[in-house]
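# Observations on chain architecture
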Amino acid sequence: MNKNIELKKYFGQEEKLPEIVREQISEEIILYAYSDLNNSFHFSGSWIVVTETRFYLVHGKSLKLEKDFAINKISRVIERKSSNGFRLKILTADDLPPLLEVYYTGKQKVMMGKIKFLLEKKVKGENLAFDINPDKEYHSNALSTIIEVQSETSVDDKGTLLRLLSYLAPYKRKLIIGTIGAAVSTLVSLLPAYFSGKIIDDLVKPYQDGVLPVETALKSGWVIMAALGATFVIREIFSWMRLNQMSILGEGVARDLRVELYAHLQSLDMDFFSKKQTGSIISRVSSDTDRVWDFIAFGVVEVGIALITLLSLSAVLITMDYRLGLIMSVPVPLLLFSIYKHGEKMKSVFLKCWRKWANLTNVLSDTIPGMQVVKAFNQHDREIKRFNGINDVVTDQFEEVHQIWTRFWPGLMLSIHLIVLTVWCFALPRLFESGESQLSAGTFVSFLLYMTMFTAPIEIIGQMARMLNRALSSAHRIFEILDSRAKIVNKSEALRPSELEGRIEFRETTFSYDGIRPILKGINFNIEPGEMIGLVGSSGGGKSTITKLISRFYDAQGGSILIDGEPIENYDVGWLRENIGMVLQEPFLFHGTIWENIAYGLPDISKDKIIEAARVANAHEFIMRFQDSYETIIGERGHTLSGGERQRISIARAILHDPKILILDEATSAVDTETERKIQDALDKLVKGRTVLAVAHRLSTLRQADRIFVINKGEVAEVGPHEELLKNEQGHYFKLHNMQKEMNKNFAL
Amino acid sequence: MFKEQANGQLYFKGKEVTLHPCFPSQDRMSCISILDDDQNEVFFLKSLNELEVEQQEIVVKHLYIEELGHEITKILEIVEEIELRKFLVETRSGIATFYMRSEEWPNKVRDDHFQFLDIHGDIFYIKELLSLDTKSQKRVSPFIN
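Residues numbered from 1 in each chain as written. Chains lettered and ligands numbered in written order. Predicted model: local features only at pLDDT ≥ 70, side-chain atom pairs only at ≥ 80, totals over all residues. Heavy atoms only, no water.

### Examining the overall build of chain B
Regarding its fold elements, chain B presents two helices and twelve strands. Ordering the α and β elements of chain B from the N terminus gives β-β-β-β-β-β-α-β-β-β-β-β-β-α. Counting only C-alpha atoms, chain B reaches 50 × 30 × 25 Å along its principal axes. In chain B, buried positions account for 49% of the 145 residues. Taking as baseline every contact in chain B between residues at least 6 positions apart, the subset at least 24 positions apart corresponds to 34%. Carbon together with sulfur atoms contributes 48% to the accessible area of chain B, which is approximately 7400 Å² in total. (Helix = DSSP H or I, 4+ residues; strand = E, 2+ residues; numbered from the N terminus. Buried < 20%, exposed > 50% of the residue type's maximum accessible area, 1.4 Å probe, protein only. Contact = heavy atoms within 4.5 Å. Areas by Shrake-Rupley, 256 points an atom, 1.4 Å probe, with all protein chains shown as cover.)

Set out below in structure tokens:
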């Protein structure tokens, strides 16, 4: 976790338990939390501290102990929620007033939940299964939602910007050419106005005064025209250099970011993916990199050009005529400020538009996927009315946007015209004067032309803040992923044996997803190569967690897992997963042909083997009914196939990979009886000669299992073959079996 | 049936309970679920008229205690942060800071009553927009109007 994220900044609370509180507590602190409400649900502060034997309440301001009592007095801990916050009631007996009540907002809920869990453990006379660092727990849990929503690296804008710009390093040449292109095209843009002035002062006026013969004037005029033409050509050549180099460069940076992001995503653990929303990850690879491209390709340079233009224009104008130059330059900051203010106002109005537009898209995302329900309930008219109502609100809001900007820009232009008029007012008398203060017509024309160049850069600079904010926001989101580190990595000399036998051993294995609440509580078992094990038990008991630990999607926090007698951590993760096949309840198929899906990960496999695997999986028959057979394109996630068909393709995929360890996680639970029979038949062929762990709720699907493990609340409650387990009439398995038998009987009736 | 203990807690038939209106924003005074410590429904009060006057007063008092969240009386600052919108507000319960996701908006409950659900699930609300001072109204306007 990034240490820069400060609790104080976000919630105004301390980064950790103050020293003065620690000094008052003699025992080692196991956990502590902050309670930010008082018993009237008013914002306040106090600390809750738990040690091995005692529980303390410390006043948030005076930091003095208010209450402390022995944990063995506690009989029960209850958390209650109300609209104003949460209340943790610590009871000594149900019929007595609580020992203590602690009030807090949702910010403290995760940490208070852990305190509750710890106290409940202690009430039962148990201890936590893991060593925990109370400071780290407090800090990371309080900030967990902010980190989830925002990013771990979101605090230092300057650092993020520099880091983003460091991606330009491989493109130095392009960057230099692009910058030269930008600088030259900007400076060259100043020349036409200068030439125009020159033509008037050096040719037109001397000719009209009779000083310059027409031939000479025309000759010189053509030369200046040629120079003017050359200027335009040069300016466009350098503009092309800038646009070409910078847009390619921006694309290159976006590509590099996408490559790095995607490769990094592949290296991250399942833990990362379980905590992030898929849409959020996808948008970082797609739209966020696109925004960065936009910023690098155009934003940086546009702003640079605007600044160069404004500075050089001011310099040129002041050099040409400092009095008129100052009249023109001095109001520029005021104009910039008015654009900035307008931008702020537009931001606020656009926010309203965005909100109302979101309402409109919500109606669409509600009704289009649910069109069947709309039609079934004959609600077209109601939905049309609802959409039209919101559409009108959106239109009205955008009308407000148009009202504001259409008022502002003519107003701004009027201000610029007023400045021009002021320049005219000061210039006009001087045009007719003689002597030092006389202003030449050519200088004045140049001036007028230069003045028209002032508006665009002012507008670009006014929009700089918005552009920068958008790019930084995207960069933060991208770097958050790049800064995430996989916990499961290969050791330096990871093992890749030529063959895996398939022996699995769990020794006192403990595991918890959140580091506090154990899912597996020191379980022990041995599975011999070729054995088929059924895992049964209630939901949340830890069955699927066992399979995830064997596939090393997570590492156990306590005890060990051995594969063929070797700790699982010693194997190469990729090799291990190659030797483990999985058939899940919801098989995942990719967009592509059927054969590509069966041969996933084995691009060189022969067609015969693909067909053979499909036959064994009872899939060949239905595949051949499709017009394009194995070349049939199955849509995204295989949506064009039925659940049973998808499952049989995933079985064929597993057969082709020929894994030594096979995990079947509720493989037949989502299909009808006839399809289940076909899948079961395919599975029966698949399990032969492999170590199999089959998670199932329907005990009938485990008829081939050599042994059944009943997993209950993180422990192996019973082990044995089906018949043996049924002999224990007090056992979980017996009850489970009878319940299912009853259900089937009722169903049959 | 309902009793208020000296510690201010509400009891129903000797058990500590809390009141959970089915329609907390639209109609708090009817269809109230009475839940015990284990969140089991011990009684369902369809209408306050089912109770004696004295009992009604106790229930109404507790319905107000279990309000709709923290009532905002002043908006001190709204800051756009990355992916978040920070609200610094004055409430009847004191000064508070809360955060909403940038793409989430306050919920208009009725007329000018708005509810803000922060990222941690805490509820803040504006009872009557027009009762706020002009600056507060101006600050919050882009998010609710």
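### Remarks on the packing of aromatic side chains
Across all of its chains, the model carries 34 aromatic pairs over all chains by this definition. Ring geometry for F55 of chain A and F69 of chain A: centres 5.3 Å apart, planes at 25°, overall stacked. A residue pair is termed long-range when its members are at least 10 positions apart, and F55 of chain A in strand β3 (residues 54–59) and F69 of chain A in strand β4 (residues 65–70) qualify at 14 residues. Residue classification places F55 of chain A among the buried positions, given a relative accessible area of 0%. When the ring centre of F479 of chain A is taken as reference, the NZ or CZ atom of R163 of chain A above it lies at 4.0 Å. A cation over a ring is seen here: R355 of chain A above W105 of chain B, with NZ or CZ 5.6 Å from the ring centre. (Phe/Tyr/Trp six-rings, centres within 6.5 Å; stacked < 30°, edge-to-face > 60°. Lys NZ or Arg CZ within 6 Å of the ring centre and 35° of its normal.)

### Overview of the side chain of R87 of chain A
Mapped onto the elements, R87 of chain A comes out in strand β6 (residues 85–91). On the accessibility criterion, R87 of chain A (6% relative accessible area) is buried. A polar side-chain atom of R87 of chain A sits 2.6 Å from a polar atom in the side chain of E101 of chain A. R87 of chain A has contacts with I78, E79, R80, E101, V102, Y103 and Y104 of chain A together with Q9, E16 and T18 of chain B, leaving out every residue within four places of it along the chain. (Polar contact = N/O pair within 3.5 Å; in protein donor to acceptor, adjacent residues only side chain to side chain.)

### Points about empty space enclosed by the protein
Residue and element names in this part refer to chain A. Scanning the entire structure with this criterion turns up one cavity of 30 Å³ or more. Roughly 30 Å³ of internal volume is contained in the largest cavity. Surrounding the largest cavity, A33, Y34, K107, Q108, M111, Y138, N141 and A142 form its lining. Listing elements by their share of the lining of the largest cavity, those giving two or more residues are β1 (29–37) and α4 (134–149). Residue composition of the lining of the largest cavity, grouped by class: five nonpolar, two polar and one charged. (1 Å grid on protein atoms, 1.4 Å probe; cavity = no way out; pocket = protein on both sides within 12 Å on 5 of 7 lines; lining within 4 Å. Points joined across faces, edges and corners; volume = space filled by probe spheres on them. Nonpolar A, V, L, I, M, F, W, Y, C, P; charged D, E, K, R; others polar.)

### A look at a nonpolar patch on the surface
On the surface, a nonpolar cluster with roughly 630 Å² of combined accessible area is contributed by L414, L418, L421, W424, L428 and F432 of chain A. Assignment of secondary structure puts L414 of chain A in helix α14 (residues 380–432). (Patch = residues over 30% accessible without salt bridge, like charges linked within 9 Å, V, L, I, M, F, W, Y side chains within 5 Å. Salt bridge = Lys/Arg side-chain N within 4 Å of Asp/Glu carboxyl O.)

### Focus on the confidence of the model for chain A
When pLDDT is averaged across chain A, the result is 85; 95% of the residues are at 70 or more. Within chain A, helix α9 (residues 270–275) of chain A has the poorest average pLDDT of any element, 74, and β1 of chain A the best, 93. (pLDDT = per-residue confidence, 0-100.)

### Describing the nonpolar core
Residues and elements named next belong to chain A. By size, the foremost hydrophobic cluster in this structure holds 41 residues, and its most contacted members are I598, I623, I651, L664 and L686. Residue contributions to this core peak at six residues, all from helix α23 (residues 643–657). Once residues within four sequence positions are removed from consideration, L686 is found in contact with V583, I651, A654, I655 and L662. (Core = buried A, V, L, I, M, F, W, Y, C linked by side-chain atoms within 4.5 Å.)

### So, the environment of L7 of chain A
Within the secondary structure, L7 of chain A sits in helix α1 (residues 7–11). With near-sequence residues (within four places) excluded, L7 of chain A lies in contact with G12, Q13, E14, E15, Y138, H139, A142 and L143 of chain A.

### Here's the deal with unusual backbone geometry
Residue and element names in this part refer to chain A. In this structure, D564 is a non-glycine residue whose phi angle is positive, near 50°. Within the chain, N618 stands out as a residue other than glycine whose phi angle is a positive 55°. Position of N618 relative to the elements: it lies in the loop between α21 (607–616) and α22 (620–624).

### Some words on the pairing of strand β10 (residues 532–536) of chain A
Residue and element names in this part refer to chain A. In terms of burial, β10 is largely enclosed, as five of its five residues are buried. Burial of the side chains of β10 extends over both faces: M532, G534 and V536 are buried on one face and I533 and L535 on the other. Pairing of β10 with strand β17 (residues 691–695) involves four bridges; the strand directions are parallel. Bridging across to β17, L535 finds its partner in V695. Two strands pair when backbone bridges link them, and β10 and strand β18 (residues 707–712) are joined in this way by four bridges, in the parallel orientation. (Pairing = 2+ DSSP bridges.)

### Observations concerning the interface of chain B and chain A
How big an interface is tends to be stated in terms of accessible area lost as the parts join. Residue-level contacts link 47 residues of chain B with 41 residues of chain A. Taken over both partners, the interface formed by chain B and chain A buries close to 3600 Å², and the fraction arising from carbon and sulfur atoms is 51%. It is I82, W105 and H120 of chain B that lose the most area in chain B upon contact with chain A, and together they represent 19% of the buried surface on that side. At the junction of chain B with chain A, the criterion picks out two salt bridges. When the shortest N-O distance is used, the salt bridge between E16 of chain B and R87 of chain A registers 3.2 Å. Linking chain B to chain A there are twelve residue pairs in polar contact (both at pLDDT 80 or more). Those elements that provide at least two residues to the side of chain B that touches chain A are β4 (18–23), β7 (70–81), β8 (84–91), β9 (94–101), β12 (123–126) and α2 (134–144) of chain B. Looking at which element gives the most residues to the side of chain B that touches chain A, the answer is β9 of chain B, with six residues. Residues that form the side of chain B that touches chain A fall into these classes: 16 nonpolar, 16 polar and 15 charged. (Buried area = accessible area lost by both parts, 1.4 Å probe.)

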